[in-house]
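# Structural overview
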Amino acid sequence: MRGRSFAPFGIRFDRLGPEAALGFVLRWDRRRPFGYVVTPNVDHLGRLRRGGDLRTAYDDAALCLLDSRVAAGLARICGVVPPPVVTGADLLAAVMPALEMRGARVAVVGLDEAAMDAFAACYPGVDFTHAEPARGFEHDEAALGAVVDFIERARADCTILAVGSPRQEVLAQAVRRRGRALGIGLCVGAAPLFLSGVLRRAPAPLRAAGLEWAWRLMREPARLARRYLIDGPPVLLALAREFRRPALPGAGSCAIDRSIINGMEAQCSGRLTHDGVPLVARSAQRRVSGESGGDAQPGRGSARQGG
C-alpha cells in the first residue's frame, strides 16, 4: 500500500491505540495550556465534507482519534490501513477511573442536571464542576464567551465537552485560542450518558462488529434515522472513492531525475512564453508570493510539544 494513507477529506488521524491514547490524556499536566482531543466519526466527517467549520478545529486539536469502526472497515476493504479505533465512550471509560484515583478536578460542559447527577454518582472521588450551556450558545458570542469563562475559571485537570458536534469542537477551539485555560479537554459527545446508564450502550459484540450504529438507530429511530440512513451513505461512498484513488508516487519512484527538473527550471527562468510574458521558475514564484511548501500545522504541533 505504498503511498496510500488514511486521511479522509484531508483530516490527519493519530495512530494511537486505546492504551496510548489513555496515556496521552493522563500525562497532560493540569498546569499545561489547554489542549483537546477530538474523536471524529462518519457523521462528523460528513459534516466536514458538506463544508462545516470543523477543519480548523481538528487541525488545532492535540489528538485526533478515529471513532468509527465502519470507516475503518471500509478503509481496509479499499486497501488502506486505518488507525486504531478509539471511541469517545471507550476513552472516557478508561480515563474516569484514573482521574478518580487521583482525586482530580473535572469540569463538565453539557448534560442536564439529572444526567450530571447520575454521571457524578459513578465517580464519587472526582471533584466535579458543571455548566449546562444554553441551546445555540455556539452562535451567540456572549453565550460562547460565558462557557469559555467557566472552563478557564474551573482550572480542571480534565474538561469533558459533552454538547455534541460541532458545538464541542467549536468550543474547544475557542478555549484553546484564547489561551487562558489549562488542562486537557475531551470532545466526547454522549459518552457520559453511556457511562452513567442514562443511555444504554450497544453490547460489546455489536460494537466489535461495527454495528453500534444499528443498535442506536433501533433505540432512537426518530432522532437518528436521518443521520444513519440518509446522511451517512453518501459519506461512505465518498470515503470509498477517496480510499480507492490511485496512490501518489513515493519518494524516489519518479522516472524523471531531480537534476533534470532543476535544469529545466533554470532554462525556463527568464524565458518568454508565446504571449511575451516572462516564464519564471515555480520555485521563484513561491519565493515571490511567500507560499510555503510545507504542510506544518502550528496548532497541533504546538499543542503536542512537551507531551
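Refer to the structure above for everything that follows.
The structure reproduced in this document is the subject of the present report. All figures in this text were calculated on a predicted structure; none of them were measured in a lab.

### A closer look at the overall build of the protein chain
- For the protein chain, the helix and strand inventory stands at 15 helices and eight strands.
- Taking all 307 residues of the protein chain together, the buried fraction comes to 45%.
- Expressed as a percentage of contacts within the protein chain between residues at least 6 apart in sequence, the contacts between residues at least 24 apart total 72%.

### Side note on the environment of P192
- Assignment of secondary structure puts P192 in helix α9 (residues 191-196).
- For P192, the contacting residues outside a window of four places in its chain are L92, L111, F119, I160 and A162.

### So, a negative patch on the surface
- A grouping of D112, E113, D117 and E132 is seen on the molecular surface, where their side chains present a negatively charged patch.
- If you trace the backbone, D112 turns up in the loop between β3 (105-110) and α6 (113-121).
- Judged by its relative accessible area of 41%, D112 is partly exposed.

### Things to note about the sheet that holds strand β4 (residues 127-131)
- Ordered by their spatial adjacency, six strands build an open sheet running β2-β1-β6-β5-β3-β4, and the pairing between neighbours is parallel. Strands at the two margins of the open sheet, each flanked by one partner only, are β2 (63-64) and β4.
- As paired strands, strand β5 (residues 158-162) and strand β6 (residues 184-187) are joined by four bridges and run parallel to one another. When the sheet's bridge partners are listed, I160 is paired in β6 with L186.

### Digging into the packing of aromatic side chains
- All chains considered together, the criterion is met by seven aromatic pairs.
- Seen in terms of ring centroids, F119 and Y123 are 5.6 Å apart; in terms of plane orientation they differ by 70°. Their pairing is edge-to-face. In this structure, F119 and Y123 share a single accessibility class: buried.
- One aromatic cluster is present, formed by F6, F13 and F243 through successive ring pairs.
- Here R227 stacks its cationic end above the ring of Y228, 5.9 Å away from the centre of that ring.

### Looking at a nonpolar patch on the surface
- A contiguous nonpolar patch, built from V70, L211, W213, L229 and I230 and spanning about 420 Å² of accessible area, is present on the exposed surface.
- Residue placement: L229 occurs in helix α12 (residues 221-243).

### Focus: unusual backbone geometry
- In the segment running from S165 into P166, the intervening peptide bond is cis, with an omega of 5°.
- Its location among the elements puts P166 in the loop between β5 and α8 (167-178).
- Look at L111: it is not a glycine, yet its phi comes out positive at around 70°.
- Looking at the element boundaries, L111 is found in the loop between β3 and α6.
- Its identity is not glycine, yet R155 carries a phi of approximately 50°, on the positive side.

### Quick word on the packing of helix α4 (residues 69-77) against α12
- One can describe the packing of α4 onto α12 by two numbers: an axis separation of 9 Å at closest approach and a directional angle of 35°. α12 is crossed by α4, and the crossing has right-handed handedness. Between α4 and α12, the contacting residues are V70, A71, L74 and A75 on the first element and L236, L239, A240 and F243 on the second.
- Its residues assigned to classes, the contact of α4 with α12 comprises eight nonpolar, no polar and no charged.

### Section: helix α11 (residues 212-219)
- Considered for burial, the residues of α11 that qualify are E212, W215, R216 and L217.
- The elements touched by buried residues of α11 are α9, α10 (204-208) and α12.

### Let's talk about the environment of L237
- Here L237 shows up in helix α12.
- Looking at L237, the relative accessible area reads 54%, which means it is exposed.

### Things to note about the pairing of β3
- Here β3 lies mainly inside the structure; five of its six residues are buried.
- Alignment of β3 against β4, held across five bridges, turns out to be parallel. Bridged to V106 within β4 is F128.
- With α6 bridging β3 and its parallel neighbour β4, the resulting β-α-β unit is right-handed.

### Some remarks on the packing of helix α2 (residues 42-49) against α12
- At a minimum axis distance of 9 Å, the contact between α2 and α12 shows a crossing angle of 75°. Compared by their axis directions, α2 and α12 come out roughly perpendicular. Residues V42, D43, L45, G46 and R49 of α2 form the contact with α12, whose participating residues are R227, G232, P234, V235, L236, A238, L239 and R241.
- Residue composition of the contact of α2 with α12, grouped by class: seven nonpolar, two polar and four charged.

Cut-offs and rules
- Residues numbered from 1 in each chain as written.
- Predicted model: local features only at pLDDT ≥ 70, side-chain atom pairs only at ≥ 80, totals over all residues.
- Heavy atoms only, no water.
- Helix = DSSP H or I, 4+ residues; strand = E, 2+ residues; numbered from the N terminus.
- Buried < 20%, exposed > 50% of the residue type's maximum accessible area, 1.4 Å probe, protein only.
- Contact = heavy atoms within 4.5 Å.
- Patch = residues over 30% accessible without salt bridge, like charges linked within 9 Å, V, L, I, M, F, W, Y side chains within 5 Å.
- Areas by Shrake-Rupley, 256 points an atom, 1.4 Å probe, with all protein chains shown as cover.
- Salt bridge = Lys/Arg side-chain N within 4 Å of Asp/Glu carboxyl O.
- Lys, Arg positive; Asp, Glu negative; His and termini not counted.
- Charge placed at Lys NZ, Arg CZ, Asp CG, Glu CD.
- Pairing = 2+ DSSP bridges.
- Phe/Tyr/Trp six-rings, centres within 6.5 Å; stacked < 30°, edge-to-face > 60°.
- Lys NZ or Arg CZ within 6 Å of the ring centre and 35° of its normal.
- Axes fitted to C-alpha atoms, helices over the stretch in contact; angles between N-to-C directions.
- Left-handed = near helix turned anticlockwise from the far one by under 90°.
- Nonpolar A, V, L, I, M, F, W, Y, C, P; charged D, E, K, R; others polar.
- Right-handed = clockwise from strand over helix to strand, strands pointing away.
- Parallel < 35°, antiparallel > 145°, perpendicular 65-115°, else oblique.

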